[in-house]
Amino acid sequence: MPKRVDHEERRTQIAEALIQVAGRRGLHAVGMRDVAAEAGVSLRLVQYYFETKEKLLFYGLQHLTDRFTARVGARLAAAGPDPGPRATVEALLLASLPTDQESRTFHLLYSSYSILSVTDGALAAQPFIDNPDAAENAVTGLIEGAQAAGLADPGADARTEAISLLAMTATMGTSILVGQRTPQSAIAVLHHHLDRIFTTSGHTTPDAGQQTEAKTRS
């Protein structure tokens, strides 16, 4: 009796191959033949599941996003059953910084997708992501919830702070990739801004620079 093929599993296998080879060579340099070789399948099979490179890229983007969501979930699980709004925001932002091989691949490919969606006609004809404001809305809601609970600066504009945090994290991620700064220095900057927004027991927490200086003196 022939073995039943799990089509979703096969699509995931091919998407994983795309991510791996693109992480090494760059998304712009990857063709369907390269992906087939990486996955250990025939080019015809890749073309069967994804008729065009554009369809493969969009499926790969969704798979990449799913992996990112799982990574955020793992960080939150490690923070305990009730991590709170600050820890949740921090988990979301830190997961996107390229501090290890997986997050480096995520940042590199997500940035590449965004550039290709502007310059490639076929990709530009479709939305880059289904809900482009999802992260912004999530962080805004978390800051607003913290403000209502007395855990964040009540005078801060939650939407503006969310936009700033996300933009800053994306930019610092790129600076890590190109060697401009270390992951540790980027995380310290992120902590500084989170300390500025969030409070503990109604009082602003000391920023990361002050904490580091205190540890050095001690």
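As the structure is a prediction and not an experimental result, all values here were calculated from the model.

What counts as what
Residues numbered from 1 in each chain as written. Predicted model: local features only at pLDDT ≥ 70, side-chain atom pairs only at ≥ 80, totals over all residues. Heavy atoms only, no water. Helix = DSSP H or I, 4+ residues; strand = E, 2+ residues; numbered from the N terminus. Contact = heavy atoms within 4.5 Å. Axes fitted to C-alpha atoms, helices over the stretch in contact; angles between N-to-C directions. Parallel < 35°, antiparallel > 145°, perpendicular 65-115°, else oblique. Left-handed = near helix turned anticlockwise from the far one by under 90°. Buried < 20%, exposed > 50% of the residue type's maximum accessible area, 1.4 Å probe, protein only. Phe/Tyr/Trp six-rings, centres within 6.5 Å; stacked < 30°, edge-to-face > 60°. Polar contact = N/O pair within 3.5 Å; in protein donor to acceptor, adjacent residues only side chain to side chain.

Draft legend 1. The arrangement of the environment of Leu-56 in detail. You can see Leu-56 is positioned in helix H4 (residues 53-78). With ten residues separating them in the primary sequence, Leu-56 and Val-46 have C-alpha atoms 8.5 Å apart. With residues up to four places along the chain from it excluded, the contact list for Leu-56 reads Ile-14, Leu-18, Met-32, Val-35, Val-46 and Phe-50.

Draft legend 2. The arrangement of the packing of H4 against helix H6 (residues 101-119) in detail. Close contact between H4 and H6 brings their axes to 11 Å; oriented N to C, the two are set at 140°. By the angle between their axes, H4 is oblique relative to H6. Remark: the crossing between H4 and H6 carries left-handed chirality. Facing H4, whose interface residues are Leu-57, Gly-60, Leu-61, Leu-64, Thr-65, Arg-67, Phe-68 and Arg-71, H6 presents Glu-102, Ser-103, Phe-106, Leu-109, Tyr-110 and Tyr-113.

Draft legend 3. Representation of the environment of Ala-17 in the model. If you trace the backbone, Ala-17 turns up in helix H1 (residues 7-25). For Ala-17, a relative accessible area of 4% gives the class buried. Spatially, the C-alpha atoms of Ala-17 and Glu-38 are 5.4 Å apart, while their sequence positions differ by 21 residues. Excluding anything up to four places from it in sequence, Ala-17 contacts Val-35, Glu-38 and Ala-39.

Draft legend 4. Spotlight on the packing of aromatic side chains. Counted according to the given criterion, the structure contains four aromatic pairs. Their ring planes at 80° and their centres at 5.0 Å tell us that Tyr-48 and Tyr-49 sit as a pair that is edge-to-face. Here Tyr-49 falls in the buried class, since its relative accessible area comes to 11%. Considering the side-chain rings of Phe-68 and Phe-106, the 4.7 Å spacing of their centres and the 10° angle between planes classify their relative orientation as stacked.

Draft legend 5. Structural context of the environment of Tyr-49. With respect to the helices, strands and loops of the structure, Tyr-49 is situated in helix H3 (residues 43-49). Spatially, the C-alpha atom of Tyr-49 lies 8.4 Å from that of His-7, the residues being 42 residues apart in sequence. A distance of 2.8 Å separates a polar atom in the side chain of Tyr-49 from a polar atom in the side chain of His-7.

Draft legend 6. Representation of the side chain of Thr-105 within the structure. The topology assignment puts Thr-105 in helix H6. You can call Thr-105 buried: its relative accessible area is 8%. Every residue in contact with Thr-105, bar those within four places of it in the chain, is listed here: Ile-19 and Gly-23.

By themselves, these are just geometric observations and shouldn't be taken as functional.
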